[in-house]
Every structure is written in structure tokens, then in C-alpha cells.
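# Structural overview for review
So the chains spell out like this:
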Amino acid sequence: MIKVVFLGPPGAGKGTQAVRITEKYNVPHISTGDILRAAVREGTELGKVAKEYMDKGELVPDEIIIGIIRERLSQEDVKRNGFLLDGFPRTLPQAEALDKLLEELGMPLDKVIYLNVDDEEIVKRLLARGRVDDTEEIIRNRLRVYREQTAPLIDYYTAKGLLVEINGVGDINEITKKIEETLGLNG
Ligand code: AMP
């Protein structure tokens with residue numbers, strides 16, 4: 001069982017690495033960005049609300065996101081195989097809510113993997129990715145939001161002795177290997 005959070009700026013490669021690890025080790029991949037984009041595509045009430053924020057590169061309100069995570073973490077596959085959280089938590093209130101949820105579930109975090117990539121590289125990667133929410137202005141805003149609201153989680157998880165920093169620049173396979181080593185997986 002793996003119980004891990006992937007932390008890092010947009011474009012750090014969290015999603016790419018998350019897919020590799022979760023497929024190989026059969027762990028539920030919980031990406032709040034993917035859940036929100038699916039809701040937008042399906043035109044649900046959640047999707048309509050979320051789109052307003054996503055289009056500006058702003059964060060969707062904590063209570064909405066925490067509700068999504070509470071429901072997802074209560075499912076059977078999580079009880080069996082754990083979870084890899086990708087893009088959550090992104091604020092201190094989200095991190096505190098996660099602590100509470102995991103305590104209730106009796107499933108404490110193993111590690112928080114912080115994929116670190118410098119700003120210049122991030123902008124380059126996100127522009128190359130060309131997703132609809134990846135225009136230069138929105139990218140700049142997402143980076144500012146990351147710095148102000150999400151980066152404080154680095155200290156939060158360091159203080160808990162959970163944070164492991166991995167350089168997100170370099171060969172993709174090498175980065176996957178480092179993540180596997182950190183999580184005590186065979187590779
Ligand atoms: P991502 O794919 O993780 O970069 O997420 C895309 C967008 O979805 C973000 O820019 C936010 O608008 C929204 N989002 C995803 N996860 C969260 C979260 N944990 N809290 C708030 N908003 C989120």
C-alpha cells in the first residue's frame with residue numbers, strides 16, 4: 001500500500017510521474033485537476049462553478065475541493081490500495097483537512113514527494129503543453145497562486161518530517177526511479 005502526496009509547481013511533472021507509479025503499482029491516482037476537468041466536460045454543477053476559477057488560473061474554493069477528496073478517499077479501492085494524491089492539497093486549510101480525514105481513516109501519509117522545478121523551466125514546459133488553461137497570462141497567474149498558497153506546504157510537511165525533495169528536471173525514467181526508491185518500491 002502506498003499513501004503519498006505529490007507536491008510541486010504546475011508543470012513539474014507530477015501528473016506524468018503519478019500515472020507511471022499508479023499504473024505500475026496499482027494505486028488509485030487521485031488528481032483533483034482531472035476530476036474538475038471531467039466535471040467541466042460533463043457540464044455538471046460542479047463543473048460550471050469550477051470552470052470560473054480554472055479559466056483564470058485561480059484555485060477552486062477549499063470547501064468544494066475538500067468535499068471531493070472526502071468522498072473519493074472513502075471508496076473501497078483506497079482502503080485496499082492506498083492513494084497517490086496529485087494536485088491536492090494546494091492550500092494550508094486543504095492540508096489540515098487532509099490530516100483530519102486520514103486520521104479518521106487510520107491511513108497516515110507515508111511521504112510527501114516535492115518535485116522541484118525552477119520557474120523558467122516551468123513556463124517553457126507549460127507553454128509547450130498548450131492546454132486551454134495554459135496561455136502565458138494564466139500560467140503566470142498559476143505560478144503566483146502556487147507561490148502564495150501552495151509553496152507554504154513545503155514547510156508544513158517538512159515540519160512533520162514527511163517531505164522528500166526530488167529534482168524534477170532531468171531524465172523522466174531517472175526521476176521515476178528516484179520516486180520508487182523514496183517510496184521503498186522495487187522498481
Ligand atoms: P491541475 O491540473 O492540478 O494543474 O489543476 C488545474 C486547475 O484545477 C487549477 O489551476 C485549479 O484551478 C483547479 N484545481 C486543481 N486542484 C485543486 C485544488 N487542490 N484546490 C483548488 N483548485 C484546484
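Quick notes on the rules
Residues numbered from 1 in each chain as written. Predicted model: local features only at pLDDT ≥ 70, side-chain atom pairs only at ≥ 80, totals over all residues. Heavy atoms only, no water. Near = heavy atom within 4 Å. Polar contact = N/O pair within 3.5 Å; in protein donor to acceptor, adjacent residues only side chain to side chain. Areas by Shrake-Rupley, 256 points an atom, 1.4 Å probe, with all protein chains shown as cover. 1 Å grid on protein atoms, 1.4 Å probe; cavity = no way out; pocket = protein on both sides within 12 Å on 5 of 7 lines; lining within 4 Å. Sits in = over half its atoms within 2 Å of the grid points. Helix = DSSP H or I, 4+ residues; strand = E, 2+ residues; numbered from the N terminus. Nonpolar A, V, L, I, M, F, W, Y, C, P; charged D, E, K, R; others polar. Axes fitted to C-alpha atoms, helices over the stretch in contact; angles between N-to-C directions. Parallel < 35°, antiparallel > 145°, perpendicular 65-115°, else oblique. Left-handed = near helix turned anticlockwise from the far one by under 90°. Contact = heavy atoms within 4.5 Å.

## Section: the site of the ligand
Residues in close proximity to the ligand total 15 residues, the closest being Thr32, Arg37, Glu58, Gly87 and Arg142. Backbone polar atom of Val60 to a nitrogen atom of the ligand: 3.1 Å apart, as the coordinates give it. Residue Gln94 places a side-chain N or O atom 2.9 Å away from a nitrogen atom belonging to the ligand. Burial of the ligand by the protein chains amounts to 94% of its free accessible area of 470 Å². The site holding the ligand turns out to be the largest pocket. Looking at the shell around the ligand element by element, the count peaks at four residues for helix α2 (residues 32-42). Residue composition of the shell around the ligand, by class: six nonpolar, four polar and five charged.

## Some words on the packing of helix α1 (residues 14-25) against helix α10 (residues 172-182)
Running from amino to carboxyl end, α1 crosses α10 at an angle of 55°, the nearest separation of the two axes being 10 Å. It follows that α1 is oblique to α10 by the angle criterion. In this structure, α1 meets α10 at a crossing whose hand is right-handed. Within the contact between the two elements, α1 uses Gln17, Arg20, Ile21, Lys24 and Tyr25 and α10 uses Ile172, Asn173, Ile175, Thr176, Ile179 and Glu180. Here the residues of the contact of α1 with α10 are counted per class, giving five nonpolar, three polar and three charged.

No statement about biological role is implied by the geometric values presented.
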